[in-house]
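The residues making up each chain are set out below.
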Amino acid sequence: MVTQETSGLPEAPGAPANKAQALRALLRGPSPVRAVGAHDGLSAKLVQQAGFEAVWASSFEISASHGLPDASLVTMTQYLDAATAMDAVTDVPVIADCDTGFGGPMNVAYAVKRYARIGIAAMCIEDKLFPKINSFAADGQDLLPAEDFALKIKTGKEAQPDPDMLLIARTEALIAGAGMEEALDRGRLYAAAGADAVLVHSKSRRPDEVLEFASRWDVDVPLVAVPTTYDSVTEDELYQAGYRVVIYANQGLRAAVRGAQEVLRELNTAGNARAVGERIAPMSEVFALQGMPSDYRTKP
Ligand code: SPV
Ligand code: MG
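Residues numbered from 1 in each chain as written. Chains lettered and ligands numbered in written order. Predicted model: local features only at pLDDT ≥ 70, side-chain atom pairs only at ≥ 80, totals over all residues. Heavy atoms only, no water.

A. Representation of the environment of R254 within the structure. Position of R254 relative to the elements: it lies in helix α10 (residues 251-270). Assessed through its relative accessible area of 45%, R254 is described here as partly exposed. With 109 residues separating them in the primary sequence, R254 and P145 have C-alpha atoms 33 Å apart. (Helix = DSSP H or I, 4+ residues; strand = E, 2+ residues; numbered from the N terminus. Buried < 20%, exposed > 50% of the residue type's maximum accessible area, 1.4 Å probe, protein only.)

Next up, the structure:
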């Protein structure tokens, strides 16, 4: 189990010089870093406004915002643009979900350089075959050979222009049904290849898998969890088990979808806008979120 004292992250004295250093400092803190999924500047601002420590630039959310499935259809530059928009209007670190790294080791190296250049705090890549499909899709969860993925991590770390940005290795071994031993072996291999953290994904309805993984984790590299299906687990339980980052990957987008559906349905039947007036944010609130100078704000 990784303890706070042995999080595997070097001490950086003084105030963080950038968001990557800020994320590294948060990882040494007494509670988990909570990242919430976003897909654009506004959704990232909402995550920050709600008090979370980091933004997860989710491939699922970014794909959905294009009206597309999370199936490697969105290109690297589209993901980069979305992450840039999120990073530019927030003060919290952005963790960029970069799917399988957009190809082979050279694609990962190129992406690392591009993301580092705009100051993204962390990138996360996963060990599925390209093109990958969302982890909760019924089929198509095929794994890349572990050594091939380790080479992506190694090449990505070597390509970093400075040591600050974190590269998170995500294993989909449990998602693919390859078992706990395979997940642990892959996690260890990726840590040895230079990963700054290991994300172990699970689609179990209970937290047992991720808790067992953490109890057997014997490497000084922090762990990351995504409690989407095993949603009864608390942040504290995950932290006590050894997880240093908890990602609420898509709750914001799902809330927006449900809220918009309900309001639009009502608007369609009511035939006037006042029918939904109480259930939508006032323009002034959106102006404030947009950062509109106060002199220009109306109060509708
Ligand atoms: C995402 O948010 O895009 C993720 C998490 O990668 S999951 O949808 O669970 O695959
Ligand atoms: Mg994703």
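B. Spatial organisation of the coordination of the magnesium ion (ligand 2). The protein atoms that coordinate the magnesium ion (ligand 2) are S59 (OG) and D97 (OD), at distances spanning 2.0 to 2.1 Å. Here D97 lies in strand β3 (residues 94-97) and S59 lies in helix α3 (residues 59-65), a separation of 38 residues in the sequence. Residue class for D97 comes out buried when judged on its relative accessible area of 5%. (Donors = N, O, S within 2.8 Å, 3.2 Å for Na, K, Ca; no water.)

C. Structural view of the packing of aromatic side chains. Within the structure shown, the criterion is met by four aromatic pairs. Between the aromatic rings of Y79 and F102, the centroid separation amounts to 5.7 Å while the plane-to-plane angle is 45°, which identifies the pairing as tilted. Of this pair, Y79 sits in helix α4 (residues 76-88) while F102 sits in the loop between β3 and α5 (105-117), placing them 23 residues apart in sequence. By relative accessible area, Y79 is classed as buried at 1%. Given a relative accessible area of 16%, F102 falls into the buried group. Taken together, a centroid distance of 5.4 Å and an interplanar angle of 20° make the contact between F213 and W217 stacked. Across this residue pair, the class does not change: F213 and W217 are buried. When the ring centre of Y239 is taken as reference, the NZ or CZ atom of R244 above it lies at 4.0 Å. (Phe/Tyr/Trp six-rings, centres within 6.5 Å; stacked < 30°, edge-to-face > 60°. Lys NZ or Arg CZ within 6 Å of the ring centre and 35° of its normal.)

Geometric values such as these leave the question of function open.
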